[in-house]
Amino acid sequence: MLLAYRGFAVTLLEKRSSVGGRTGGFRRDGYTFDVGSTLLMMRFVVEEMYELVGRRLADHLRIVPIDPMYRLDFGDRSLNVSSDASRMEDELQRFAPSSRRSLQSFLRSERNRLSHLYPMLQREWSGLRRLVSPSLVTALPHVGLRRSIHDVAGQYFSDPDIQLAFSFQSAYLGMSPWSCPAGFAMVPYVEHAWGIDHIEGGIHQLTRSMEEIAMGLGVHIRRECCARRLIGDKRHCRAVELASGERIETDDVVINADAVAALLGMLDDNVSLRFCRPRLRRMRESCSTFMLYLGLDTRLALDHHTFFFAADYRAEMDRVFGSRTLADDFSLYVCNPSATDSTMAPPGHSALYVLALVPNTRADIDWRTRAPQLREQILDRLERRASASIRPHIQVSEQMTPTDWADRYHVSHGAVFGLSHSIDQMLAFRLPNRLPAPRNVYLTGGSTSPGSGLPTILESARIAARLICERHGVFFPPPRPLPPPGGHRPQEVWVPGPASFSAEGSHQA
Ligand SMILES: Cc1cc2nc3c(=O)[nH]c(=O)nc-3n(C[C@H](O)[C@H](O)[C@H](O)COP(=O)(O)OP(=O)(O)OC[C@H]3O[C@@H](n4cnc5c(N)ncnc54)[C@H](O)[C@@H]3O)c2cc1C
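Per-chain numbering applies: the sequence of each chain, read as written, is numbered from 1 onward. Since the coordinates come from a predicted model, pLDDT governs what is reported: local features require at least 70, and pairs of side-chain atoms require 80 or more to be given and counted, while whole-chain, interface and lining totals use all residues. For the side-chain quantities, the full set of heavy atoms in the structure was used; hydrogens and water were omitted.

**A word on the sheet that holds strand β11 (residues 247-249)**
Okay, step 1: At least two DSSP bridges between two strands are needed for those strands to be called paired. Every helix listed is a DSSP run of H or I at least four residues long, and every strand listed is a run of E at least two residues long, numbered separately from the N terminus. Ordered in space as β9-β10-β11, the 3 strands form an open sheet in which the pairing is antiparallel. Edge strands, defined here as strands with exactly one partner in the open sheet, are β9 (227-232) and β11. Strand-to-strand, the axes of this sheet are offset by a mean angle of 25°, without reference to chain direction.
Okay, step 2: The sheet contact formed by β9 and strand β10 (residues 237-242) spans 5 bridges and is antiparallel. Residue pairing across strands places Ile231 opposite Ala239, the latter belonging to β10. Fitted lines through C-alpha atoms serve as axes, helices being fitted only where they are in contact, and the angles separating the N-to-C directions of these axes extend from 0 to 180 degrees.

In structure tokens form, the structure reads like this:
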């Protein structure tokens, strides 16, 4: 979309029958499900993507703010988390009065951290020499070396459940709060500063809408078309070979498939010493998820987003990431979009999405035998924790295991949140958005810089598009600074006019 708008002839190859990947969706018997992403953070990043192609997000999608953002259920008590600071203070007062006064100091200090780190997420990191840039030197103290996101929460809040409420967001990155770097305290901060949104019809309406815009701009989308190999030499990739044997000649290649799987599978040679095959194989990955998608012929009295925590969340995380076994007592994230959005299920019905964090496929778990047991355990737990009868109401039931993520989406080891976000795999140490060799191959998506999650993968797309434009002498606007917390920016501020280009892609006007 970004490149086609700037006059490039773009062909998009998608191995599945529809685009969207982990931000895709599906319909079954009148129920609509998001496959992966269910909450939209940092809406302003998405708005910028639409503005970059001369459009307004609001003209394409109906964005629905969700507040309270989610309910955290700790078993014996629960917390409604709001992005409205005064509502949140009242809730903290009710839940753990000593936490009330800490909210403002969390918001103030973490705003400061994000303002230093945000420019790091918007830039390109393809050379190690970038490590000596002045902006990185000033940002470095905010990365929080040797501290975890849980340590950061503990710095503001003494109640253990509130500490979890401000650090469990490491799960969005497929990490434990006790090992996820402190810098990621920016994730709970962005939730509280800008709130979270739903998109009417499901979050996958975003990729559907982008597909529509891209096609309108002339992008040739080829579905059920699997890229197998890049053809060329170490310096230049000339063509992409498809699984069918067909070759597509190209000037530049952008790989949005899982980067580890793609680099190991599509290139004959080592990319460079930094990204040689043994090193790629050694890089640590995030955990995976076990998913249930349930269509129920009843209206479930559950909030849009609910997190049911295990009695000992730390022990659960130790099993997922340490011994790589399935915990007996596990947490669940449940998305019940029908609570807010009547388009997701027939009237009086619910389209339920249930997620459990599980080890990726490096663990010795046979999902063919384990999946049916886990499904029953999840349903038991859900019926108990949600105090609801679920089983008699199931009309549609689909599931996804780590091996399904690996097979269907080509995600290395089913690690759905990409490479782990440990300090030694972030910024200049993460897979860059342009390969050192061949130089005309670009990487985007969760395993690349800046990281996993919708706003960050969109940022990776913007960086790659900017680099390609620079290479071809085409203007690409610089990224915007962080907006003020709270409301969203008016979309009228800046809409670039459409540019026209010659067939070779050189800028004409
Ligand atoms: C369960 C789950 C819940 C999540 N929840 C959220 C959330 O609430 N909010 C949020 O911001 N983020 C969330 N995320 C993260 C977010 O969904 C991902 O970061 C993002 O979708 C990953 O996008 P991607 O472009 O890197 O990869 P993908 O979305 O996987 O896209 C890659 C595409 O490439 C295709 N492909 C792969 N190999 C080939 C090939 N050889 N040839 C052709 N096509 C190929 C795949 O089929 C796929 O369509 C969640 C992720 C998961 C898995």
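**As for the domain arrangement of the protein**
Okay, step 1: Partitioning the protein into domains gives domain 1 (2-61 + 200-266 + 437-485) and domain 2 (91-128 + 135-194).
Okay, step 2: These domain boundaries are the output of an automatic or database domain assignment. Computed over C-alpha atoms, the centres of domain 1 and domain 2 are 28 Å apart.
Okay, step 3: When two components associate, each loses some accessible surface as probed by a 1.4 Å sphere; the sum of these losses over both components is called the buried area. Of all residues in domain 1, Met41, Leu482 and Pro485 bury the most surface against domain 2, accounting for 34% of the area lost on that side.
Okay, step 4: Two N or O atoms count as a polar contact when they lie within 3.5 Å, although within protein this holds only if one can serve as hydrogen donor and the other as acceptor, and sequence-adjacent residues are included solely when both atoms are side-chain atoms. Our count for the domain 1 to domain 2 interface comes out at 4 residue pairs in polar contact (both at pLDDT 80 or more).
Okay, step 5: Elements with a minimum of two residues in the side of domain 1 that touches domain 2: α2 (43-51) and α16 (454-471).
Okay, step 6: Here the side of domain 1 that touches domain 2 takes 5 residues from α16, the largest share from any one element.

**Considering the state of the cysteines**
Okay, step 1: Whenever a pair of cysteine sulfur atoms sits within 2.5 Å, that pair is classed as a disulfide. Here the structure, examined in full by the defined rule, presents 0 disulfides.
Okay, step 2: In this structure Cys237 is not part of a disulfide, and its nearest cysteine sulfur, from Cys225, lies 15 Å away.
Okay, step 3: The cysteine Cys469 is free of any disulfide, with Cys237 supplying the nearest cysteine sulfur at 18 Å.

**So, the site of the ligand**
Okay, step 1: The environment of the ligand is made up of 34 residues, and the closest members are Glu14, Arg22, Thr23, Ser37 and Leu454.
Okay, step 2: One nitrogen or oxygen atom from the side chain of Thr23 is found 2.8 Å from an oxygen atom belonging to the ligand.
Okay, step 3: What sets the accessible areas is the Shrake-Rupley method with a 1.4 Å probe; for residues, cover comes only from the shown protein chains. Expressed as a share of its isolated accessible area of 1,000 Å², the protein-covered part of the ligand is 93%.
Okay, step 4: Elements with a contribution of two residues or more to the shell around the ligand: β13 (288-296), β16 (350-358), α15 (402-409) and α16. Whether a residue is near a molecule or strand depends on its heavy atoms: if one lies within 4 Å, it is near.

**Overview of the packing of α2 against α16**
Okay, step 1: Close contact between α2 and α16 brings their axes to 9 Å; oriented N to C, the two are set at 30°. Put simply, α2 runs roughly parallel to α16. Note that α2 runs across α16; the crossing there is left-handed. Where α2 approaches α16, its residues Val45, Val46, Glu48 and Met49 are matched on the opposing element by Pro455, Leu458, Glu459 and Arg462. Note on angle classes: values under 35 degrees are labelled roughly parallel, values over 145 roughly antiparallel, values of 65 to 115 roughly perpendicular, and the remainder oblique. When the near helix sits turned anticlockwise from the far one by under a right angle, the crossing is termed left-handed; a clockwise turn instead gives a right-handed crossing. Contacts were defined at the residue level, with two residues in contact if any of their heavy atoms lie within 4.5 Å.

**Remarks on the pattern of salt bridges**
Okay, step 1: Criterion for a salt bridge: a side-chain nitrogen of Lys or Arg within 4 Å of a carboxyl oxygen of Asp or Glu. According to the stated counting rule, one finds 34 salt bridges in the structure shown.
Okay, step 2: Linking Arg462 and Glu48 is a salt bridge whose minimum nitrogen-to-oxygen distance equals 2.7 Å. Here Glu48 lies in helix α2 and Arg462 lies in helix α16, a separation of 414 residues in the sequence. Comparing Arg462 with Glu48 shows no difference in burial state: the two are buried.
Okay, step 3: For Glu212, the salt bridge goes to Arg208, with nearest N and O atoms at 2.9 Å. Linking Glu212 with Arg208, this pair stays in helix α10 (residues 205-216), spanning 4 residues, or about one helical turn.
Okay, step 4: Exposure classes here rest on a 1.4 Å probe applied to the protein chains alone. A residue is buried below 20% of its type maximum, exposed above 50%, and partly exposed in between. Residue classification places Glu212 among the partly exposed positions, given a relative accessible area of 49%.

**So, the side chain of Asn440**
Okay, step 1: Looking at the secondary structure, you find Asn440 in the loop between α15 and β18 (441-443).
Okay, step 2: For Asn440, the side chain forms a polar contact with the side chain of His236, separated by 3.3 Å.
Okay, step 3: Asn440 has contacts with Arg235, His236, Cys237, Asp251, Asp252, Val253 and Arg471, leaving out every residue within four places of it along the chain.

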